[in-house]
Amino acid sequence: MAIILKNSLKLNVFHNKLSPFLRRRQSETQTSSLLSLTTSSCGLIESTIKDKLQTKLKFGNTLNKIEITSSAVLEANDCTKGRKSVGVLGGGAWGTAIADLIGRNVAKHKHLFHEEVLFYVRDESLRLIIEKTRQNIRYLSAIKLPLNVRPVSSLSDAVSKSDVLIFVIPHQYLQDLCYAINDSISTRNPIGISLSKGLHIDSAGNLELNSQIIHRMLGIPVGVLSGANIAIEVAQRQYSEATLVNPLTNDKNCEELFRCLFECNLFRVSFCNDGPTVEMCGALKNIVAIGCGLVDGLGYGMNTKAAALSCGVREMIRFVEVFHPKYELSTFFQNCGIGDIIASSFGGRNRKVSEALIKSSKSIEMLEKQLLRGQKLQGPQTAHVVYQLLQNKQLLNEFPFFSAIHRICNRTMDPKDLIQAIKSSP
Ligand SMILES: NC(=O)c1ccc[n+]([C@@H]2O[C@H](COP(=O)([O-])OP(=O)(O)OC[C@H]3O[C@@H](n4cnc5c(N)ncnc54)[C@H](O)[C@@H]3O)[C@@H](O)[C@H]2O)c1
Ligand SMILES: O=P(O)(O)OC[C@H](O)CO
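Scope of this entry: the structure provided in the associated data block. Per-chain numbering applies: the sequence of each chain, read as written, is numbered from 1 onward. Chain letters and ligand numbers both follow the written order, the letters beginning at A and the numbers at 1. Note on the predicted model: pLDDT of at least 70 is required for a residue's local features to be given, and 80 or more for side-chain atom pairs to be given and counted; whole-chain, interface and lining totals, by contrast, use all residues. Calculation of side-chain values draws on the structure's entire complement of heavy atoms; hydrogens and water are dropped beforehand.

Turning next to the pattern of salt bridges. Salt bridges are defined by distance alone: a side-chain nitrogen of Lys or Arg within 4 Å of a carboxyl oxygen of Asp or Glu. Tallied over the entire structure, the rule returns 20 salt bridges. A salt bridge links Glu241 to Arg268; the shortest N-O distance between them is 3.5 Å. Of the two residues, Glu241 is situated in strand 12 (residues 240-245) and Arg268 in strand 13 (residues 267-271); the sequence distance between them amounts to 27 residues. Each of the salt bridges in this network shares a partner with another, and the network as a whole consists of Asp296, Lys305, Arg351, Glu355 and Lys359. Comment: elements are numbered from the N terminus, with helices defined as DSSP H or I runs of at least four residues and strands as E runs of at least two.

We now examine the site of ligand 1. Nearness of a residue to a molecule or strand requires only that one of the residue's heavy atoms be within 4 Å of it. Inspection of the region around ligand 1 gives 24 residues, with Ala93, Ala231, Arg349, Lys376 and Gln378 positioned closest. In this structure, an oxygen atom belonging to ligand 1 sits 2.9 Å away from a main-chain N or O atom of Ala93. What sets the accessible areas is the Shrake-Rupley method with a 1.4 Å probe; for residues, cover comes only from the shown protein chains. For ligand 1, whose free accessible area comes to 820 Å², the fraction covered by protein is 86%. Tallied by class, the residues present in the shell around ligand 1 amount to 10 nonpolar, 10 polar and four charged. Domain extents, as shown, originate in an automatic or database domain assignment. Counting only domains with at least three residues in the shell around ligand 1, you end up with domain 2 (82-271) and domain 3 (277-424). Here a polar contact means two N or O atoms within 3.5 Å. Within protein one must be a hydrogen donor candidate and the other an acceptor candidate, and residues neighboring in sequence count only if both atoms are side-chain atoms. Each residue is assigned to one of three groups, with Ala, Val, Leu, Ile, Met, Phe, Trp, Tyr, Cys and Pro labelled nonpolar, Asp, Glu, Lys and Arg labelled charged, and all others, Gly among them, labelled polar.

Next up on the list: the side chain of Asn136. Along the chain, Asn136 turns up in the loop between helix 6 (124-133) and strand 6 (149-152). The contact definition used throughout considers only heavy atoms, calling two residues in contact when any of these lie within 4.5 Å. Excluding anything up to four places from it in sequence, Asn136 contacts Gly91, Gly92, Thr96, Leu126, Ile130 and Ser141.

What follows is the structure in structure tokens.
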């Protein structure tokens, strides 16, 4: 017997309400051998539903097959229906540059988007300054934001009024943000895109990506935008590219919506279905950039830097092989891979602060405060997470470069030993 719960799931599939919804139907499902759900085509969502059904809900022994139908996109997420409101969550350097880009793009595509972009800025005094001057004087003062970008300090307002949520805060604050917006999100059924770069380790010691955290905590479909995107250069409208992961895989309307949201003649996006690799590249390149900064600080030239870079790329690929065996090698050759590795290793903040680490006795946190004045590094935390994950799997020996970078950042290894680590990397 099959229970077809098609379309009646809607919000429940995407939100934490899935469990109560199914529990109410427990008597039906307990006598079933097949439960058939129609849900969106997003792979992450399907796997979460399966997890919930199999681990959290007890359906008795009779339920032996769960069939997830991937054909339908639920109405609330239907990218062909209605004009979408966009909210940018994060008022840092990249948040400001992307709010500027999006502000201009939504004005160009009025048939797809509401013209006002809500721009969540955490600090009220900064929000007032941006409102008055159109400039984010703390994180990216070089540009004036368009008038249709409205800075707001109420997170719940920004979330509850948005159909598209752009997550662009330093990854170390992502869980707190998701926790804070959980209630506001339940009234709408938005789609998210993560622009944050970094990795997490969950309570069971497993790797968790930013998009997975957002999806787990909010139950919404989440895509990724990642690339060689130094914020100030994008803001100054220097030609840049990025890799985009569609939150609703294979949904062409959704793809078109996000192309219109991000792309302009000076910012090209390319789509990629290998989401986990895209996200891991964005995080791991920060470790490579730290390594390159250390090489710079030690006073070595381009040959040594090239050795660090190529060793870093090898360890990146090996890491992805271990934690995402279904990866596609070609993803590394997209802008989110090799493009971002190059930009970050020559021009990024992680490179800059790690170069200073060699010439100073200060901790990396102190140097971050001194040199970045409120902007946040992602590399040291990511190196720490990577170190823990590899330690759990007893694989540290296979990643001497990544391991050395973590130990140099926390000052338990002499930076001069970096060369030996590069030499010994498989
Ligand atoms: N800056 C770039 O060039 C760039 C480019 C691409 C991707 N990214 C990624 O985008 C994400 C955001 O980077 P960014 O450059 O916009 O930020 P940033 O480095 O400029 O840091 C400022 C941001 O951090 C927030 N913040 C600071 N302290 C906080 C706290 N205690 N609690 C909560 N939030 C706090 C601020 O509100 C602000 O949003 C990061 O993951 C970064 O890796 C950055
Ligand atoms: O300045 P970084 O080192 O945080 O790098 C910024 C971006 O990720 C570059 O794409």
